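Okay, here's what each chain looks like letter by letter:
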Amino acid sequence: MPVAPSEPDAVRAVRRRFAWCFAAVGALAALAFLFSFCIGKYPLTVEEIGAILFGGEVGQLKRDVFLNLRVPRAVMSFLTGVGLGLAGSVYQIIFKNPLAAPDIIGVSSGANLGAAVAVVVFGGSTMLLASSAFVGGLLVTFMVIALVRMTDRNSMATYILAGVVMKAVSESFIMMLKFFADPEKELAAIEYWSMGSFSNMTASKLAVVFPLFAVGLAGVVLLRRQVTLLGLQEDESRMLGVRVRGVRIGVLAFSTLMVTSTVCVTGLIAFVGLIAPHIARLLLKRNSFPVCVFASLVGGVILLVADVFARTIYSAEVPISILTTLVGVPFLLYFIMRRQGGDA
Amino acid sequence: MRELLRLDGLSAGYGKARVVGDVSFSIREGEYCALLGLNGSGKTTLLKTICGLLPAQGGRCVVEGVDCTSFHEHKRARRLAYIPQRHSAMDGLSVLDVVLMGLNPHLGLLENPSKAQRQACRDALAKMGLGGAAHRDFGRLSGGQQQMVILARTLAQDAPVMLMDEPDSALDFLNKHLVLKNIRDLIHAEGKAGLVTLHNPNFALTYCDRLLLLKEGTLVADVQMRDSSVQGLEKALSDIYGDVVILERDGQYMVGLRPARCPTS
């Protein structure tokens, strides 16, 4: 049984793979940022961006387009992808379910309900819509946690069942709101929000979103060791000293905050939280926390690229979830095929 | 030798149903005890109650003189380590990552292992003969090697009491012997108190220092191996398994049912 000490080779191979993958995703992210800055209704060149950044001569319009539209939009798409990729990885680990995504415990349906309430009941100004979606997402998550506490069965299956219940409740309320909504404006606004978009992204919105996102991100990163421990069977993690109930709620709360803080502004974005972790595991062939970080960068790149396509492939902006679904479905099919082949 | 684990009239069960009643015994350092009994006798229930995974219905569980019955998980894990029947799937985690988990009871919620602690984990792996595997994917090791890594994790946890629920259940014949021998050697060398549930009495007789026999939720016998003759062992085991015969050769035991008493279907 003793293993021959060929360790240095194995260590080097793992380190090399990680270094290459992180370098590649970093380079892709830099490239995607550049495209995102340059491409749009008012095209900008790399020289013009250089001039804006380093104090050169550029017209005020281009300066405004870059600083007030392109940068907030690109940063927001990247942060949203980072949040979805990281939260998706964390959810897949702690729910021990490769199909888990941030909406498994009702975050998305709660945010959707919040947005629908803002549109139909309060008239739907942009900030109100975002705030209402944010509150809706968090509220439904905490109701799921409260339901689990009420049942006194703290297993992950109970969380999933409570998520299904709250999702159904939220969706029935959304249907009711749609029924009473004005079909010309309100209904269209609800539908459009549920397909996600990075249009109308501004620096002021980013300034509101960023601190909340940062708190969620910091919480998840600080609790990274606990995330790995929560991936074990419950008895095993308890016997390794994890106070499962409290730690699980903490991890869920921080990852939900990270997702809700961005999704409330962008609208729902499909598939990124599901496929980014799979891509990360496929490339790195590991399942530790650095892989979650890699998944978050993959999520960021996917959304940056999807957003560039969303604003270029048609004369009007295409909702982002249409594109992420078109990319996500083939990936999901590929993962199913691999799993059937016993290679997952 | 110091007494490390003591049960004082511990009762256990599920809800109001009592499965194990009023069990008392103690285990000293360096002592490896097997908990034997038929299916449904309450072995796993008793073990889980000692671990705190099930609430005790009565009595106390004392480790190194301190009553742990109402300790929370983090505090309890510093005193009691547990090896489950089947460990979790940890595919994609490195072997060292798995061993590092054992440090959790000694770390704060947000604290990370120090260099010295990481080195201690590498040393624990080396003790189990897996010094060269720290960065391998845990999911790609054999069942026996994985159980050795779990043992190294228990060593890193550094709790005075080790509780094991059929740690050999997923292993082939040779690995069963290897794992149970390594557990025994570890308990003797590190001066821990070990309590293991086993289905197969052959392994218990061969590797353990002491047998605790559980029948219908009651402790019916407490047998020290070094003081027992084969006849004495046959008499004790017959109480739970029926009329048994035991053959012994070079410290290895073979327990069988007398042909006339074999159960018929």
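Refer to the structure presented above.
Break down the interface of chain A and chain B for me, citing the residues and quoting the values.
Opposite the 32 residues of chain A that make contact, chain B presents 47 residues. Taken together, the links from chain A to chain B amount to three salt bridges. For Lys48(B), the salt bridge identified is with Asp235(A), shortest N-O distance 3.3 Å. Looking at the side of chain A that touches chain B residue by residue, the class counts come to 16 nonpolar, seven polar and nine charged.

So what's going on with the environment of Ala29(A)? Residues and values would help.
All names here are of chain A. Inspection of the secondary structure puts Ala 29 in helix α1 (residues 7–38). Relative accessible area serves as the criterion here: at 10%, Ala 29 is assigned to the buried category. Separated by 169 residues in sequence, Ala 29 and Phe 198 place their C-alpha atoms 17 Å apart. If we skip the residues at most four places from it in the chain, Ala 29 touches Phe 78, Val 301 and Leu 304.

Help me get a handle on the layout of surface pockets, residues and values and all.
The volume enclosed by the second largest pocket comes to roughly 690 Å³. Sorting the residues of the lining of the second largest pocket by element identifies α1, α9 (224–230) and α13 (289–310) of chain A together with α3 (95–100) and α4 (115–127) of chain B as the ones contributing at least two each. Here the lining of the second largest pocket is composed, by residue class, of eleven nonpolar, six polar and seven charged.

Describe unusual backbone geometry, and please don't skip the residues or the numbers.
Positive phi, normally seen in glycine, also occurs at Lys96(A), with a value near 50°. On the secondary structure map, Lys96(A) appears in the loop between α3 (60–94) and α4 (107–120). Positive phi, normally seen in glycine, also occurs at Glu166(B), with a value near 45°. Considering the arrangement of structural elements, one finds Glu166(B) in the loop between β7 (161–165) and α6 (173–190). Classification of Glu166(B) by relative accessible area gives buried; the value is 8%.

Explain the sheet that holds strand β5 (residues 66–67) of chain B residue by residue, including any values.
Residues and elements named next belong to chain B. Here four strands make up an open sheet; going across it, the order is β2-β1-β4-β5 and the pairing antiparallel. Where the open sheet ends on each side, the last strands, each with one partner, are β2 (17–28) and β5. Of the strand pairs in this sheet, strand β4 (residues 58–63) and β5 are connected by two bridges, and their pairing is antiparallel. Within the sheet, the bridge partner assigned to Val 62 lies in β5 and is Asp 67. Of the strands in this sheet, β1 (3–14), β2 and β4 touch helix α1 (residues 43–51), which is tilted by about 120° from β1.

Describe helix α8 (residues 230–241) of chain B, listing the residues and the values that go with them.
Residues spaced three or four apart along an α-helix point in a common direction, a consequence of the helix completing one turn every 3.6 residues. All names here are of chain B. Look at α8: 15 Å from first C-alpha to last across twelve residues, which is about the 16 Å you get at 1.5 Å a residue. Buried within α8 we find Leu 233, Glu 234, Ala 236, Leu 237, Ile 240 and Tyr 241. In the core, the buried residues of α8 are packed alongside β3 (31–36), α7 (201–207), β9 (210–215), β10 (218–224), β11 (244–249) and β12 (252–257). In the segment just after α8, Gly 242 is the residue with positive phi, at about 100°.

How would you sum up the nonpolar core? Please name residues and give values.
Of all hydrophobic cores here, the largest spans 163 residues; its most connected members are Phe95(A), Tyr159(A), Leu36(B), Leu211(B) and Leu237(B). Among the elements that make up this core, the one with the highest residue count is α3(A) (14 residues). With residues up to four places along the chain from it excluded, the contact list for Leu36(B) reads Lys43(B), Leu198(B), Pro201(B), Ala204(B), Leu211(B), Leu212(B), Leu213(B), Leu214(B), Leu237(B), Ile240(B) and Tyr241(B). In this structure, Leu10(B), Leu35(B), Leu47(B) and Leu212(B) belong to the second largest nonpolar core, which totals 29 residues.

Describe the sheet that holds β9(B), listing the residues and the values that go with them.
The pairing of strands in a sheet happens through backbone hydrogen bonds and is either parallel or antiparallel. Residue and element names in this part refer to chain B. Taken in spatial order, the six strands make up an open sheet running β6-β7-β8-β3-β9-β10, and their pairing is mixed. Single-partner strands in this sheet number two, and they are β6 (80–83) and β10. Taken pair by pair, the neighbouring strands of this sheet meet at an average axis angle of 20°, ignoring direction. Contacting β3, β6, β7, β8 (193–197) and β9, α1 crosses the sheet at an angle of about 145° to β7.

Conventions and cut-offs
- One numbering rule holds for all chains: residues counted from 1, following each sequence as written.
- Going through the entries in the order they are written, you letter the chains from A and number the ligands from 1.
- Reporting of local features is limited, given that this is a predicted model, to residues whose pLDDT is at least 70; pairs of side-chain atoms are given and counted only at 80 or more, and all residues count toward the totals for whole chains, interfaces and linings.
- Just so you know, side-chain values use all the structure's heavy atoms and leave hydrogens and water out.
- It only takes one pair of heavy atoms within 4.5 Å for two residues to be counted as in contact.
- A carboxyl oxygen of Asp or Glu within 4 Å of a side-chain nitrogen of Lys or Arg is what we treat as a salt bridge.
- Three classes are used: nonpolar for Ala, Val, Leu, Ile, Met, Phe, Trp, Tyr, Cys and Pro, charged for Asp, Glu, Lys and Arg, and polar for all others, with Gly counted as polar.
- Starting at the N terminus, helices and strands are each numbered in turn, a helix being any DSSP run of H or I of at least four residues and a strand any DSSP run of E of at least two.
- Exposure categories follow from relative accessible area, calculated using a 1.4 Å probe and restricted to protein chains: below 20% of the type maximum is buried, above 50% is exposed, and the middle band is partly exposed.
- Using only the protein atoms, space was sampled on a 1 Å grid; points where a 1.4 Å probe fits but cannot get out form cavities, open sets with protein on both sides within 12 Å along at least five of seven lines form pockets, and lining residues are those with an atom within 4 Å of a point.
- Grid points are joined across faces, edges and corners, and a volume is the space filled by probe spheres set on the points.
- Think of it this way: DSSP has to see at least two bridges between two strands before they count as a pair.
- Axis geometry follows a simple rule: fit a line to the C-alpha atoms, using only the stretch in contact for helices, then measure angles between N-to-C directions, giving values from 0 to 180 degrees.
- Expected span of a helix, by definition, is 1.5 Å for each gap between consecutive residues, and there is one gap fewer than residues.
- Buried residues of nine kinds, namely Ala, Val, Leu, Ile, Met, Phe, Trp, Tyr and Cys, make up a nonpolar core once their side-chain atoms join them within 4.5 Å.

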